[in-house]
Amino acid sequence: MRQLLVAHGLIQKSSSSALRSTASDGWTLRSAALDRVLSVEELATVLAHIAKRRGHAPWPTRRKDHGPGESVPAATETNPAGRTHGERIHGLRLLHQGGQPLDTSCERDAIVDEIRQIFTAQRRYSSAAATAELEEAYLILLSADQWGAKPPSLLPCPFEPGEYRTSIASPAFEAFRVVSIARWRLACEDSTKRTEAFDLARLHRELGCKAQISPTVLRAQTQGTCTTPLNPDARRLGKAEPCATLGTQVLRATLGENAWTSLSEDKPRIDAVADAVAAADSEKALHQKLASLGICDRDIMALSSGFASGIFRDYRRTARYSAKALRRLTEVMALGHSFDEATAALGYIEQGRAPDIAVTDRASFQNLIERTLTGIGDVRVRKVLTEGLKQLFAVRKRWGSATQVCISIDAAVGVARIGRLAARRRNDLRARKFEAERALAAATLGLDEVSDVTLMRYRLAKRQDWRCPMSGQYIDRGALTDEADFSIDLILPWSRFQDARPANLMLRSRAVGRSIATQTPLEWLERNGPPATVERFKEAIASSECLGEATKRRFLFASGESDVAARRAMTQDRRALAVRFRRAAQLIGADSNPESVHAPEVIAYASPAVLGLPLIGGFDKLAARLARPDDARRQALIALGMAVAQCDETFPCGPITSSCLHSAAEQWDAVFVAQGEQRRARGEGHEATVRRLVQEATGPVIYERRPIEELDAGDLARIKDPVRNCAIIAAIGSWIAAGKPKDRWPQAPSGLTIRKVRIRRSGRVGVRVRGGVAERGSIVRLDLYRKMSAKGAPEFFSIPVYRHQIADKRGWPAPPQQTCVARKNEVAWPFIEPGHQFLFSVYHGSLLEIEKPDGSTLRGYFKDFNRSTGVLSLAPDHSHRARKDRHGNSLDGIGIRRVAEIRKFSIDRLGVTGRIMREPCLWHGRAVPGEG
């Protein structure tokens, strides 16, 4: 753009600073360009301003075509009229001065219309610079991103160099998805039977005939002899949806059967048509692209008409691979091979995939991490992969290569920030609901304290309407605390389904448990009860208002249905993140030869699906503890349970047996969870809101504007200048006393309505920012000093260090030197003296042990520090929400000034701890002389 302006004499040089020297506002000049002649510099500013805000190319929808000057919305009190988009935004800026930021986005058509109006007006005012040649060259350059060497909406294919990713609605992707999902469903029915080959010719003929292809039709399209359709209940347990082919159906219906039959014979050509529809942002661009592909005029008109109507909206979303790669993969997978087998046969190595080189030393391990993280931009995902692989590498160094690795990756990993916040709110709500149910159970059962086991029994009995679903026996409230009559059991047996989620739990009579063994409830009733009992059981389960749909399906799971299909559907984690982790874990545990038979079997299980423990035979306590999502020991117990299940299923004489779970149940309270301290000072240094700071006789005071409806009678004394504003204070006080009527707002002596007032903010002065003050960010670390008193007893002093202090190297060339004193202003805190000895810095997650004068000790990870009271809080190792340790001692509000001893420990990935006597005091990456 700068080179274009230089060529037409609007600017002198094409450097990046050529358009930065102007002092004129772009929006003002865009509005003035319609009413007066612009100078050369002003015209260059307008063109550069528009080029940086060229608008978006919207997806065509059914709307009325607007002529020049009609694309702007109608004028209202809050939306002024304007002949162009720039003039309208200029009016909004004048109307909302100092208000919220404006949304200046618009459609590309409005920008083009504005450019033509500006050039027309400038030529009317006899501007020599606004030539027709410049206008046409500018418009061409402005829209040059429509069809470049690289389509703007597509990314490079990781398999085929020079190819770009296709649309998720293209025939190539939908055929690939049909074969992939159908192959998985067929393979799940019997893990020992290979999937039959597909009749691809028939599949391509029927692709797009309907919006979806059912599993039954997919089964009929195989060349094998087995034609039994998947059981509907097994399909629901696996949450398998029909294969959608809506994109191909839309394209096929738009072209017509004759044109579709002709074009679909050339697979690359029909996929190129789909990519053209996906990448086009105008009918003109689509017409040009289709013409270059050799499409006849009648088909081009049909596709352009569908494009204008907006029926190709879903084509905007892109797949992971190109159409060429998907076609080749589909051909191989249709022969019965898996995706991994197909990529290996075709020689495809995806960018970012770990190389097939076993890890033998630290250098090869670092190389493995770098290659595994290639192409991953999410910091959280990179952290999860790195820490998980480091943990596996540490385990291998300590105990050697493993024969089996069970991986559980949280479902929130890889989710956007808004999704993580929503998941966090759901977890917090679930935790609060859990504690509320505990209080309700205590009131219902007449107990002072309800244990986890009793609470689990109470929740299951309430869900079952206080009856055993197998025997119909009534569950008395008093039986919930006694394990003699009723026990927690699995609905679907562990030996067949390996599902220990809450939806698969029931409270049943122990007399039934002795004979149910490995049967489902419906199977047990069909073998041991009369038909009438079975029908009553089905009717009672189906009509129950307490049981959820997932629990009902488990109760009604009949014999002969696919156990393996349901189990694998509930356990397998198929995300790309799990695939990378699984392959890297195999390379860490393999021998020097990557094809060695000693490479470990790595199984990735989906979380938060709790698939951990066989609860039959005395595992009620573990089941209750698994229901607490905030317990960090939960995932370790799940992994151990899965290891037991795998050994019981594939290695009956393996080293891990059910006795390991019994030992875990007995030593549950002794398990210590290792965590690492967080030394990075990332995040905001202070809050974004800057408040007014006024120097008064009593010192600096912060004032903020508050709506009067948020005030009460006690806040009136904090209104600024009470002597001068006594009339305003009296009017607000009368309005509050009258009940804050919304139809009679208080009036100032001038007659104006009072809606907001400036009041004195209670609290400390934060960070000085641009003449005001903002709340400081969170604490990064706590520097601890020790000084011996006159009696020879140690005294400990703390100095909190915040993010803004670390970030401001000029304002804080040295670390803070004032020790925190409870209930004193920061300016009155005493400074460090020569007698103070620096011990160490405490970060979030640092393992501390505090010994009190009476000899008792508190142990936990550093959680928070209260600068107002000078006390710190610890968190137990197993939960960041708990406020008490394993012995019931409170870990909140610990005063450290006169404790007997404070010890800090280092802890490695395997839980080995070592005491840290002293550390150097670090500041901006360097040790402070004389400290530590």
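Residue numbers here run from 1 along each chain, matching the order of that chain's written sequence. Whole-chain, interface and lining totals are the exception, using all residues; otherwise, since this is a predicted model, local features are given only for residues with pLDDT of at least 70 and side-chain atom pairs are given and counted only at 80 or more. Hydrogens and water are ignored here; the side-chain numbers use all heavy atoms of the structure.

Peer 1: Got a sec to walk through the overall build of the protein? Specific residues and values, please.
Peer 2: Starting at the N terminus, helices and strands are each numbered in turn, a helix being any DSSP run of H or I of at least four residues and a strand any DSSP run of E of at least two. When you go through the protein residue by residue, the secondary structure sums to 33 helices and 24 strands. Each residue is placed in one exposure class: buried if its accessible area under a 1.4 Å probe, protein chains only, is under 20% of its type's maximum, exposed if it is over 50%, and partly exposed if it falls in between. For the protein, the residues scored as buried account for 45% of the 932 residues in total. Contact criterion: two residues are considered in contact whenever any of their non-hydrogen atoms come within 4.5 Å of each other. For the protein, the proportion of contacts with a sequence separation of at least 24, taken over those separated by at least 6, is 65%. Of the roughly 47900 Å² of accessible surface on the protein, 51% is carried by carbon and sulfur atoms. Working definition of accessibility: Shrake-Rupley area with a 1.4 Å probe, residue cover restricted to the visible protein chains.

Peer 1: I'd love a proper account of the packing of aromatic side chains, names of residues and values included.
Peer 2: Between the rings of Phe, Tyr and Trp (Trp by its six-membered ring), a pair exists once the centres lie within 6.5 Å; its type follows the angle of the planes, with under 30 degrees stacked, over 60 edge-to-face, and the other angles tilted. Enumeration over the complete set of coordinates arrives at ten aromatic pairs. For the ring pair phenylalanine 159 and tyrosine 321, a centre distance of 4.6 Å and an interplane angle of 5 degrees mean the geometry is stacked. Taken together, the positions of phenylalanine 159 in the loop between helix H6 (132-142) and strand E1 (165-167) and tyrosine 321 in strand E4 (residues 318-322) put the pair 162 residues apart, joining distant regions of the chain. You can call phenylalanine 159 buried: its relative accessible area is 9%. Aromatic pair tryptophan 735 and tryptophan 745: ring centres 5.3 Å apart, planes at 25 degrees, arrangement stacked. Placement of the pair is tryptophan 735 in helix H32 (residues 726-737) and tryptophan 745 in the loop between H32 and strand E11 (756-760), with a sequence separation of ten residues. In this structure tryptophan 735 comes out as buried when scored by relative accessible area, which is 4%. By the ring-pair criterion, three or more aromatic residues cluster together here, those being Phe159, Tyr321 and Tyr348. The side chain of arginine 477 reaches across the aromatic face of tryptophan 466, ending 3.7 Å from its centre. Two limits define a charge over a ring: the Lys NZ or Arg CZ must be within 6 Å of the ring centre, and within 35 degrees of the ring normal.

Peer 1: Lay out the pairing of strand E17 (residues 847-851) with the relevant residues and their values.
Peer 2: Judged by how many residues are buried, E17 sits mostly within the fold: four of five residues are covered. Any two strands between which DSSP finds at least two bridges are classified as paired. Of the strand pairs in this sheet, E17 and strand E18 (residues 857-866) are connected by five bridges, and their pairing is antiparallel. Across the sheet, residue isoleucine 850 finds its bridge partner in E18, namely leucine 858. Where E17 folds back on E18, the antiparallel hairpin that results is connected by five residues, among which glycine 855 adopts a positive phi of roughly 95 degrees.

Peer 1: Give a description of the confidence of the model for the protein that names residues and reports values.
Peer 2: Note on scores: pLDDT gives the predictor's confidence for each residue, bounded by 0 and 100. Mean pLDDT over the protein stands at 76; residues scoring 70 or higher make up 73%. Between residues 607-620, whose pLDDT stays under 50, and residues either more than four places distant or in other chains, the model counts 58 contacts. Counting contacts from residues 648-656, a segment whose pLDDT is below 50, to residues more than four positions away or on other chains yields eleven contacts.

Peer 1: Go over the pattern of salt bridges with me, naming the residues and quoting the values.
Peer 2: When a carboxyl oxygen of Asp or Glu is within 4 Å of a side-chain nitrogen of Lys or Arg, the pair counts as a salt bridge. For the structure on display, the rule yields 36 salt bridges. A salt bridge links arginine 706 to glutamate 704; the nearest nitrogen and oxygen atoms lie 3.7 Å apart. Like arginine 706, the residue glutamate 704 is buried in the burial classification. Residues glutamate 919 and lysine 904 are paired through a salt bridge, measuring 3.2 Å at the closest nitrogen-oxygen approach.

Peer 1: Can you break down the sheet that holds strand E20 (residues 894-895) residue by residue, with the values?
Peer 2: Spatial ordering of the open sheet is given by E20-E19-E18-E17-E21-E22, a layout of six strands whose pairing is antiparallel. Strand pairing shows two members of the sheet lacking a second neighbour, E20 and strand E22 (913-916), which therefore form its edges. Pairing of E17 with strand E21 (residues 901-907), which is carried by five bridges, proceeds in the antiparallel orientation. The partner of glutamate 849 across the bridge, within E21, is arginine 903.

Peer 1: Hey, could you go over the pairing of strand E14 (residues 779-788) for me, with residue numbers and the actual values?
Peer 2: With seven of its ten residues buried, E14 lies for the most part within the structure. Across nine bridges, E14 lies against strand E15 (residues 794-802) in antiparallel orientation. From the neighbouring strand, methionine 788 faces E15, where its bridge partner is proline 794. Here E14 hands over to E15 after five residues, with glycine 792 in that stretch at a positive phi of 85 degrees. When E14 meets strand E16 (residues 837-843), the two strands line up antiparallel, connected through six bridges. Bridge pairing links tyrosine 785 to phenylalanine 838 in E16.

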